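Breakdown of the fold
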Amino acid sequence: MNKIKFGTDGWRAIIADDYTVENVKRVAYATALWLNKAFENPSAVVGCDPRFAGPMFADVTACVLASQGVKVYRASNSFISTPMISLGTVRKQASAGIIITASHNPPSYNGYKIKAFYGGPATPDDIEAVESIIPDTIDLQLKSVKDYEKEGLIEFIDLEDMYVEHAEKSFDIPAIRDSGLVWAYDAMYGAGQKT
């Protein structure tokens, strides 16, 4: 197996080359071990952006975490933005947030970012702790998302509504609407295309 190395704010790789279900399981398993060591009753908020197979990779991540006893708050939205994961992590008082995204990288890439309990990027020490325990191979027998949901280990939450409500409370929306300014916005198929 190849060595998985996190770069600036996450691990990124080409889908179906190094970014595979097996490798995502390896990273999620190391994340679960780290969470269980660093936190009592650990939890994580998990979601994905609109990249190819994002929901599948997010579900795999959620199931691996749940298999290790980590409570998962899984985004019920088909895709979300990274700031939504950050806000959800803070609001749910989770130990970490995980967003399946490759940010600005080309469409052939996907990635795995860990957000700290305060919503910002995990510290280099925490990332190093996760990297150092990523197994070379993994053989986990996982249950389905629905099974973990029945056990209370996976709970679906609407992060988009949470974020929009937060944004509306944080800005003077009537003043913006009445400003007379005309706005143009192109999400470029990014996670902000619905909001």
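As shown above, the structure is provided for reference.
This section reports on the structure supplied with the text. Keep in mind that what you see is a predicted model, and the values were worked out from it rather than measured.

**Considering the sheet that holds strand β2 (residues 43–48)**
If you walk across this open sheet you meet the 6 strands as β1-β5-β4-β2-β3-β6, and the pairing is mixed. Looking along the sheet, the strands with just one partner apiece sit at the ends: β1 (11–14) and β6 (154–157). In this sheet, neighbouring strand axes are inclined to one another by 20° on average, regardless of whether the strands run parallel or antiparallel. For β2 and strand β3 (residues 71–75), the ladder comprises 4 bridges, and the chain directions are parallel. Within β3, the position partnered with Ala44 by the bridge is Val72.

**Notes on the pattern of salt bridges**
For the structure shown, the criterion picks out 8 salt bridges. In this structure, Lys143 engages Glu151 in a salt bridge whose closest nitrogen and oxygen atoms are separated by 2.6 Å. Measuring nitrogen to oxygen at the nearest pair gives 3.2 Å for the salt bridge that ties Lys169 to Glu165. Taken together, the residues span about one helical turn, with Lys169 and Glu165 both in helix α6 (residues 159–170) at a distance of 4 residues.

**Focus on the packing of helix α3 (residues 82–91) against α6**
Where α3 contacts α6, the axes come no closer than 9 Å and their chain directions differ by 90°. Overall, the two elements α3 and α6 adopt an arrangement that is roughly perpendicular. For the pair α3 and α6, contact is made by Pro83, Met84, Ile85, Leu87, Gly88 and Arg91 and by Leu159, Glu160, Met162, Tyr163 and His166, respectively. Residue classes in the contact of α3 with α6 are distributed as 7 nonpolar, 2 polar and 2 charged.

**Observations concerning the environment of Phe57**
Counting through the fold element by element, Phe57 comes out in helix α2 (residues 54–67). When the C-alpha positions of Phe57 and Leu181 are compared, they lie 40 Å apart, and in sequence the two are 124 residues distant. Once residues lying within four places of it in the same chain are set aside, the contact partners of Phe57 are Tyr19, Thr20, Val21, Val24, Phe52, Ile100 and Asn110.

**What to know about the packing of aromatic side chains**
One pass over the full model with this rule turns up 5 aromatic pairs. With centroids separated by 4.8 Å and ring planes inclined at 25°, the aromatic side chains of Trp11 and Tyr19 adopt a geometry described as stacked. With respect to burial, Trp11 and Tyr19 carry one shared label: buried. Seen in terms of ring centroids, Tyr19 and Phe57 are 4.8 Å apart; in terms of plane orientation they differ by 85°. Their pairing is edge-to-face. Of this pair, Tyr19 sits in the loop between β1 and α1 (21–38) while Phe57 sits in helix α2, and the two are 38 residues apart along the sequence. An identical accessibility class is assigned to Tyr19 and Phe57; each is buried. Three or more aromatic residues joined by ring pairs make a cluster, and in this case those are Trp11, Tyr19 and Phe57.

**Describing unusual backbone geometry**
At Asn41, a residue that is not glycine, the phi angle is positive and equals roughly 55°. Note on placement: Asn41 falls in the loop between α1 and β2. For Ala53, which is not glycine, the phi torsion reads 65° and is therefore positive. Looking at where Ala53 falls in the secondary structure, it is placed in the loop between β2 and α2.

**Description of the nonpolar core**
Trp11, Leu65, Tyr112 and Ile114 are the most contacted members of the largest nonpolar core, which has 38 residues in total. Those elements that place two or more of their residues in this core are β1, α1, β2, α2, β4 (96–100), β5 (109–116), α4 (124–131) and α5 (145–150). It is α2 that provides the largest number of residues to this core, a total of 8 residues. Formed by 12 residues, the second largest nonpolar core is a distinct cluster that contains Met84, Ala94, Ile157 and Met162.

Reading the values: the criteria
- Residues numbered from 1 in each chain as written.
- Predicted model: local features only at pLDDT ≥ 70, side-chain atom pairs only at ≥ 80, totals over all residues.
- Heavy atoms only, no water.
- Pairing = 2+ DSSP bridges.
- Helix = DSSP H or I, 4+ residues; strand = E, 2+ residues; numbered from the N terminus.
- Axes fitted to C-alpha atoms, helices over the stretch in contact; angles between N-to-C directions.
- Salt bridge = Lys/Arg side-chain N within 4 Å of Asp/Glu carboxyl O.
- Parallel < 35°, antiparallel > 145°, perpendicular 65-115°, else oblique.
- Contact = heavy atoms within 4.5 Å.
- Nonpolar A, V, L, I, M, F, W, Y, C, P; charged D, E, K, R; others polar.
- Phe/Tyr/Trp six-rings, centres within 6.5 Å; stacked < 30°, edge-to-face > 60°.
- Buried < 20%, exposed > 50% of the residue type's maximum accessible area, 1.4 Å probe, protein only.
- Core = buried A, V, L, I, M, F, W, Y, C linked by side-chain atoms within 4.5 Å.

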